[in-house]
Amino acid sequence: MQSVGVKDNEAIIFSELMDAKSLWLTTNADTIYAVGALDLTKGPMVLEVAPGFLGAVQDHWFRWIIDVGLPGPDRGEGGKYLIVPPGYAGPLPNGGFSIAHSRTNVALWFARSFLADHKDPKPVADTIRKFTKVYPYEAGGVGTPIAEFLEGKAPLGRISPPPPLVFHEASGKAMNTLPPNDFSYFEMLNEIVQQEPATSLDPELMGPIAAIGIVKGKPFAPDERMKTILTEAVAQANAISRSLFMHPRDPSWFYYPGSAWMNPLFVSGYEFETPIPDITREGAKPFPATGYRQLDARRWYFYGVTGITPAMAMRVTGIGSQYLFATLDADKQYFDGGKTYKVTLPKDIPEANFWSLTLYDNQTRSMLDTPQRFPRAGNQSYPSPATEPNADGSTTIHLGPTQPAGIARGNWIQTMPGKGWFAILRLYSPREPFFAKEWRPSEIEVVAR
């Protein structure tokens, strides 16, 4: 974000949606993104979110702090969030804010908003700009009753309108948010360690970092021998992680028996430890804690996806979105950008908002960059035409380098010869047939070589 002029406590917005020119891990071209970083070094910061948001706040190590918007305390009505830095001992309000504590001095917030009519982003983008605000918390102000001041429990803060948030338009701009896979990875890691408190990570996680010479308050100066080792290590780690992401072997990760459609979060949960709760007529039924971290699931997730919250995988109907990944075709082979494939979604696709299918580049894990610009299909008519259903109510999408004869533009996603890809099926506001597995997409099969 800094590369396009965005400072901390400012934000970017993709008013006309994100396209494939920017490198962001498995983002989409269906919703309007707004993203910003909070600088907590001078004290708590307030984030006011617009109605209709769906998002979260993460710390500098990408740990979940709090959900905002539809899955958060404001439940999509818009609200005020107070993000408190580590070590803060000052007064906090007793009302008016949803309060969350960060273990790092930098926090990232990100949110998506849906196109209200599934075809025009402008009204939603205007709403985001109007209602989203970021500003320092004024102790003793909003949220603190005068009685607390009179009792000597809090200062008497000022009440003043918050300044407008500085937004930078990001649609059409190219930026690279991918973690590096060469030696500069460790230089970036050192930068974060130096910026944050020594206790921002648990000792068991900070230990391996210290073992390679990255220690808070000390220079990172590996000799040539260590630099050679680290350069080889990050290349191997990248290859191992890519192999795990593209061809996992744990059968519990796959959503249907014998299928390539998968999502390990159902069995690992957002903390990569315990499966997500079942939802019954009596309410949520959590699984007992396993007591161990599912490291492969965590590695799979953060290699290909950005941002983690409990809302990323929950069996709650009508809220948020659900995801199924496919990295292999019906014959369990990697997808080839020079071949043509098809996938059929049975009728009554289980979503209460809309659905989409998006293709991603195997190398960047970002949207597949082709002349089509927006590598997606769905029942939303922006930024590409909506799909046309078959006579029986099902929907078939073709995936290949050229548009097949007789296939509508909205039912075709372009691929590129020489580029591998994978797919994500998204259901926004999923319905019960998805969770009951009564509805199942076809496998993605080759139709032309």
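Structure's up top.
Note that the coordinates shown come from a computational prediction; the quantities given were computed from them, not determined experimentally.

Some remarks on the overall build of the chain
When its secondary structure is counted, the chain shows eight helices and 21 strands. For the chain, the C-alpha radius of gyration of 23 Å lies close to 22 Å, the compact-globule estimate for 449 residues. Expressed as lengths along the three principal axes of its C-alpha atoms, the size of the chain is roughly 75 × 55 × 45 Å. Within the chain, the fraction of its 449 residues that count as buried is 50%. Pairs at least 24 apart in sequence give 71% of the contacts found in the chain among residues at least 6 apart. If you sum the accessible surface of the chain, you get close to 20200 Å²; carbon and sulfur atoms cover 55% of it. One way to put it: in the chain the 42 positive side-chain charges average out to a point 1 Å from where the 46 negative ones average out.

What to know about the nonpolar core
Formed by 64 residues in total, the largest nonpolar core has its most connected members in Trp261, Phe325, Leu357, Leu399, Trp421 and Ile444. Here this core gets six residues from one element, more than from any other, and that element is strand E20 (residues 420–430). Residues contacting Trp421, with those up to four places away along its chain left out, are Phe335, Asp336, Gly337, Tyr341, Leu359, Tyr360, Asn362, Leu368, Leu399, Thr415 and Ile444. Within the second largest apolar cluster, 29 residues are counted, among which are Ile13, Met45, Ile66 and Trp109.

Let's talk about the pattern of salt bridges
Per the counting criterion, the structure on display carries 13 salt bridges. A salt bridge links Lys122 to Asp126, with the shortest nitrogen-to-oxygen separation between them at 2.8 Å. With Lys122 and Asp126 both in helix H1 (residues 122–131) and four residues apart, the pair spans about one turn of that helix. Given the relative accessible area of 34%, Asp126 is considered partly exposed. The shortest N-O distance in the salt bridge between Asp361 and Lys419 comes to 3.7 Å. One end of the pair, Asp361, is in strand E16 (residues 351–361); the other, Lys419, is in the loop between strand E19 (412–414) and E20, with 58 residues separating them in the sequence.

Quick look at the pairing of strand E8 (residues 106–113)
Burial within E8 is extensive, with seven of its eight residues counted as buried. When strand E2 (residues 32–39) meets E8, the two strands line up antiparallel, connected through eight bridges. Residue pairing across strands places Ile32 opposite Ser113, the latter belonging to E8.

A closer look at the side chain of Asp67
Along the chain, Asp67 turns up in strand E5 (residues 64–69). No salt bridge is formed by the buried Asp67; its nearest oppositely charged neighbour, Arg112, is found at 8.8 Å. Of note is the side chain of Asp67, whose polar atom sits 3.3 Å from the side chain of Thr309. When neighbours within four sequence positions are excluded, Asp67 is seen to be in contact with Gly55, Ala56, Gly72, Pro73, Tyr81, Thr309, Pro310 and Ala311.

Considerations on the sheet that holds E19
A sheet is described by the order of its strands in space; here four strands give the open sequence E19-E18-E15-E21, paired in mixed fashion. The strands lining the two open edges of the sheet, one partner per strand, are E19 and strand E21 (445–448). Looking at each pair of strands side by side, their axes are set apart by 30° on average, direction ignored. Both strand E15 (residues 340–345) and E21 contribute to a ladder of three bridges, which runs antiparallel. Its bridge partner lying in E21, Lys342 is registered against Glu445.

Cut-offs applied
- Residues numbered from 1 in each chain as written.
- Predicted model: local features only at pLDDT ≥ 70, side-chain atom pairs only at ≥ 80, totals over all residues.
- Heavy atoms only, no water.
- Helix = DSSP H or I, 4+ residues; strand = E, 2+ residues; numbered from the N terminus.
- Rg over C-alpha atoms; globule rule 2.2 N^0.38 Å.
- Buried < 20%, exposed > 50% of the residue type's maximum accessible area, 1.4 Å probe, protein only.
- Contact = heavy atoms within 4.5 Å.
- Areas by Shrake-Rupley, 256 points an atom, 1.4 Å probe, with all protein chains shown as cover.
- Lys, Arg positive; Asp, Glu negative; His and termini not counted.
- Charge placed at Lys NZ, Arg CZ, Asp CG, Glu CD.
- Core = buried A, V, L, I, M, F, W, Y, C linked by side-chain atoms within 4.5 Å.
- Salt bridge = Lys/Arg side-chain N within 4 Å of Asp/Glu carboxyl O.
- Pairing = 2+ DSSP bridges.
- Polar contact = N/O pair within 3.5 Å; in protein donor to acceptor, adjacent residues only side chain to side chain.
- Axes fitted to C-alpha atoms, helices over the stretch in contact; angles between N-to-C directions.

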